[in-house]
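# Working through the structure, step by step
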Amino acid sequence: MKNKILVTGGAGYIGTHTCIALHEAGYEIVVYDNLSNSSREAINRVSTLIGQPIEFIEGDIRDAESLKQVFLSHHFFGVIHFAGLKAVGESVAKPLMYYNNNVSGTITLLEIMAKFNVKNLVFSSSATVYGDPESLPIDENSPRSCTNPYGQSKLTVEHILEDLAVSDDSWNLIPLRYFNPVGAHPSGQIGEDPNDIPNNLMPYISQVAVGKLAKLNIFGNDYQTIDGTGVRDFIHVTDLAQGHVAALNYLERQVAPVGFLPINLGTGKGTSVLELVTAFSKVSGQPIPYQFADRRAGDIASCYASADKAKNLLEWQAKLSITEMCQDSWRWQSMNPNGYTVT
Ligand SMILES: NC(=O)c1ccc[n+]([C@@H]2O[C@H](COP(=O)([O-])OP(=O)(O)OC[C@H]3O[C@@H](n4cnc5c(N)ncnc54)[C@H](O)[C@@H]3O)[C@@H](O)[C@H]2O)c1
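Residues numbered from 1 in each chain as written. Predicted model: local features only at pLDDT ≥ 70, side-chain atom pairs only at ≥ 80, totals over all residues. Heavy atoms only, no water.

### Topic: the overall build of the chain
Scanning the chain for helices and strands turns up 11 helices and 14 strands. A globule of 343 residues ought to have a C-alpha radius of gyration of about 20 Å, and the chain, at 19 Å, matches this closely. For the chain, the spread of C-alpha atoms along the principal axes amounts to about 55 × 45 × 40 Å. Across the 343 residues that make up the chain, the buried fraction comes to 55%. Considering only residue pairs separated by 6 or more positions, the chain has 81% of its internal contacts joining residues 24 or more positions apart. Surface exposure of the chain reaches about 14800 Å², of which carbon and sulfur atoms provide 48%. Charged side chains of the chain number 25 positive and 35 negative; the gap between the two group centres comes to 2 Å. (Helix = DSSP H or I, 4+ residues; strand = E, 2+ residues; numbered from the N terminus. Rg over C-alpha atoms; globule rule 2.2 N^0.38 Å. Buried < 20%, exposed > 50% of the residue type's maximum accessible area, 1.4 Å probe, protein only. Contact = heavy atoms within 4.5 Å. Areas by Shrake-Rupley, 256 points an atom, 1.4 Å probe, with all protein chains shown as cover. Lys, Arg positive; Asp, Glu negative; His and termini not counted. Charge placed at Lys NZ, Arg CZ, Asp CG, Glu CD.)

### A look at the nonpolar core
Core analysis: the biggest nonpolar cluster contains 47 residues, and Val7, Leu22, Ile54, Ile174, Leu176, Leu248 and Leu314 have the highest contact counts within it. The set of elements that each furnish at least two residues to this core consists of strand 1 (4-8), helix 1 (13-24), strand 2 (28-33), helix 2 (40-50), strand 6 (172-178), helix 8 (237-253), strand 12 (263-265) and helix 10 (308-314). For this core, the element with the most residues is helix 8, which contributes nine residues. Residues within four places of Leu176 in sequence aside, it is in contact with Val122, Phe123, Ser124, Ser125, Ser126, Gly243, His244, Ala247, Ile263 and Leu265. One finds Val70, Val103, Ile112 and Leu173 within the second-largest nonpolar core, a separate group that totals 26 residues. (Core = buried A, V, L, I, M, F, W, Y, C linked by side-chain atoms within 4.5 Å.)

### Quick notes on helix 8
Compared with the 24 Å implied by 1.5 Å per residue over 17 residues, the 25 Å span of helix 8 between its first and last C-alpha is a close match. For helix 8, the buried fraction is high: 13 of the 17 residues fall into the buried class. (Expected span 1.5 Å × (residues − 1).)

### Quick look at the pairing of strand 1
Of all the five residues making up strand 1, five are buried; the element is thus mostly covered by neighbouring parts of the structure. The alternating pattern of strand 1 places Lys4, Leu6 and Thr8 and Ile5 and Val7 on opposite faces, both of which are buried. Examined bridge by bridge, strand 1 and strand 2 share five bridges and lie parallel to one another. Note that in strand 2 the partner of Val7 across the bridge is Val31. For the crossover that starts at strand 1, traverses helix 1 and ends in the parallel strand 2, the hand is right-handed. Pairing of strand 1 with strand 4 (residues 78-81) involves four bridges; the strand directions are parallel. Among the inter-strand pairings, Leu6 is bridged to a residue of strand 4, identified as Val79. (Pairing = 2+ DSSP bridges. Right-handed = clockwise from strand over helix to strand, strands pointing away.)

### A closer look at the site of the ligand
Surrounding the ligand, one finds 28 residues, the nearest of these being Asp33, Asn37, Ser38, Lys86 and Tyr150. One of the backbone N or O atoms of Phe82 is found 2.8 Å from an oxygen atom in the ligand. For the ligand, an oxygen atom lies 2.8 Å from a polar atom in the side chain of Lys86. Isolated, the ligand exposes 820 Å² of accessible area, and the fraction of that covered by the protein chains is 96%. Elements supplying a minimum of two residues to the shell around the ligand: helix 1, strand 5 (120-126) and helix 6 (149-167). When residues of the shell around the ligand are assigned to their parent elements, the largest contribution, three residues, is made by strand 5. For the shell around the ligand, the residue count by class is 10 nonpolar, 13 polar and five charged. (Near = heavy atom within 4 Å. Polar contact = N/O pair within 3.5 Å; in protein donor to acceptor, adjacent residues only side chain to side chain. Nonpolar A, V, L, I, M, F, W, Y, C, P; charged D, E, K, R; others polar.)

### Let's talk about the pattern of salt bridges
For the structure shown, the criterion picks out 13 salt bridges. Overlapping salt bridges bring together Arg144, Glu158, Glu162 and Arg177 as one network. (Salt bridge = Lys/Arg side-chain N within 4 Å of Asp/Glu carboxyl O.)

### Here we look at the packing of aromatic side chains
Considering all chains together, one arrives at six aromatic pairs under this definition. Summarising the aromatic geometry, the rings of Phe71 and Phe76 are spaced 5.2 Å apart at their centres and angled 70° between planes, so their arrangement reads as edge-to-face. In terms of burial, Phe71 and Phe76 fall into one category: buried. With 5.6 Å between their ring centres and 40° between their planes, Phe71 and Phe116 make a pair best called tilted. Of this pair, Phe71 sits in helix 3 (residues 64-73) while Phe116 is found in the loop between helix 5 (95-115) and strand 5, placing the two residues 45 residues apart along the sequence. Relative accessible area serves as the criterion here: at 4%, Phe71 is assigned to the buried category. Of the residues examined, Phe116 reaches a relative accessible area of 26% and is grouped as partly exposed. A network of ring pairs unites the aromatic residues Phe71, Phe76 and Phe116 as a single cluster. (Phe/Tyr/Trp six-rings, centres within 6.5 Å; stacked < 30°, edge-to-face > 60°.)

Right, dumping it as structure tokens:
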């Protein structure tokens, strides 16, 4: 048996897929999640997929006492820290909630890690920290800036991690900057389960395809891109999950601390919104009615990663295509039209 990992937010979309990948790679996992944006059913399904119960603790990362009890009863090699709120629009309406959860929660977690001398952290950062990029593809040295509280909360945590690494060189802190995670587990058993109207494109497209939503709004068709719609670097969530395993494997290989080491997780390829809609329609056999709407404030024309650092350091690269992303999203959506809610 390999090292034991604490997975905060492990009941969520990316967390559940990563738990499976970690288990398959031989890691022992403990999931810590307050279920504010997930469900026990997700944990049950992960347990079924891996063929054994998952150790799950319902708790909040802002609750130092609860975290302390978890660290007292386990010896962790490191923490993968997914727990956080992620809706940009909601963060504009409720900035204090976002800073409290994402920033204060992370500080509490880091304090407990320091107390128990657990110095390996893989943190869910985002390509949003690059703001409107000056050049493409975006590499890890690109300037960072954010225009909304969600993005600011990610950037602030990155700054905290940088300061921490300067203050004490025994830390290994890897913020993984995700591009646009989509897709679902090939079993169709786990996937993205938005609470309300989806904020992200792929669940929105899938809900139009399955007939839950009438029409897709595509924001902007006059960008300087291949077809005028925005271009993003979509990455299959199971590839993303493997990126976390690769980051832990990398930390296990190190003989000296790595400090603060940000790494992009993307495919390096841009796909336009219209290209994604066309691919999804082809895979699902369903029409995806759409209309063009005005550009949204803060949206950028194109965003895709330089994936070289992940390839060189972590020996990881994304493998799955847009077609596979659409196939797996569609399988999840059509097998679970109401997500994890059993009606
Ligand atoms: N999905 C994306 O497009 C995307 C892109 C870039 C970065 N990220 C980041 O990756 C992480 C995971 O994203 P996801 O898509 O799986 O989101 P998600 O909402 O599905 O998962 C987050 C999990 O964290 C839990 N959580 C939230 N606040 C908590 C708290 N205070 N204490 C304990 N648990 C808490 C939620 O219940 C949920 O299960 C988030 O930090 C998100 O900001 C996501």
